[in-house]
Amino acid sequence: MGSIEVGEILTVLDEEDREQEIEVIGLLTIEDKEYAAVAFADDTEEETDEDMDVFFFQVVEGEDLAEIETDEEFEKVSAAFLEAEETEETEEEK
């Protein structure tokens, strides 16, 4: 039983049952739940952070991704990742 890690490439099915490769670009634990920020693998190689579409999932049992079920939970996760990114950028500037 493995665990999801930053930089890992995963294959998922999109709405039309086509395989898409996504890359884990961040992990955060919020209120005892682990969440992953992911982007399309092709975008992480070519795009700047501003051009990249980022998606958030809950990490289940350390190795599976599940959709975030409520808007409230999504907003909380999105805000936490944004805050973590801003904190990281501030620390890099020092």
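Quick caveat: nothing in here was measured; it's all calculated off a predicted structure.

Undergrad: Residues and numbers for the layout of surface pockets, please.
TA: It is a probe the size of a water molecule, rolled over the atoms, that shows where empty space is left. Volume-wise, the largest pocket comes out at about 620 Å³. Considering the residues around the largest pocket, the lining is formed by 19 residues, among which Ile25, Gly26, Ala37, Phe81 and Glu85 are closest to the centre. Every element with two or more residues in the lining of the largest pocket is listed here: strand E2 (19-30), strand E4 (54-60) and helix H2 (71-93). Top element by residues in the lining of the largest pocket is H2. It accounts for nine residues. Looking at the lining of the largest pocket, its residues break down into eleven nonpolar, two polar and six charged. Taken as a whole, the second largest pocket holds about 460 Å³ of empty space. Leu13, Glu15, Phe55, Phe57 and Glu67 are, among the 15 residues lining the second largest pocket, the residues nearest its centre. Residue assignment for the lining of the second largest pocket shows that the elements contributing at least two residues are strand E1 (9-13), E2, strand E3 (33-40), E4 and strand E5 (64-67). At three residues, E4 tops the list of elements feeding residues into the lining of the second largest pocket.

Undergrad: Could you give me a rundown of the pairing of E3, with the residues and numbers involved?
TA: Sheet analysis places E2 next to E3, joined by eight bridges and oriented antiparallel. Across the sheet, residue Ile30 finds its bridge partner in E3, namely Lys33. Following E2, the chain reverses through two residues before pairing antiparallel with E3; Glu31 in that reversal takes a positive phi of roughly 50 degrees. Two strands pair when backbone bridges link them, and E3 and E4 are joined in this way by six bridges, in the antiparallel orientation. Bridge pairing in E4 places Ala37 opposite Phe56.

How each quantity is defined
Residues numbered from 1 in each chain as written. Predicted model: local features only at pLDDT ≥ 70, side-chain atom pairs only at ≥ 80, totals over all residues. Heavy atoms only, no water. 1 Å grid on protein atoms, 1.4 Å probe; cavity = no way out; pocket = protein on both sides within 12 Å on 5 of 7 lines; lining within 4 Å. Points joined across faces, edges and corners; volume = space filled by probe spheres on them. Helix = DSSP H or I, 4+ residues; strand = E, 2+ residues; numbered from the N terminus. Nonpolar A, V, L, I, M, F, W, Y, C, P; charged D, E, K, R; others polar. Pairing = 2+ DSSP bridges.

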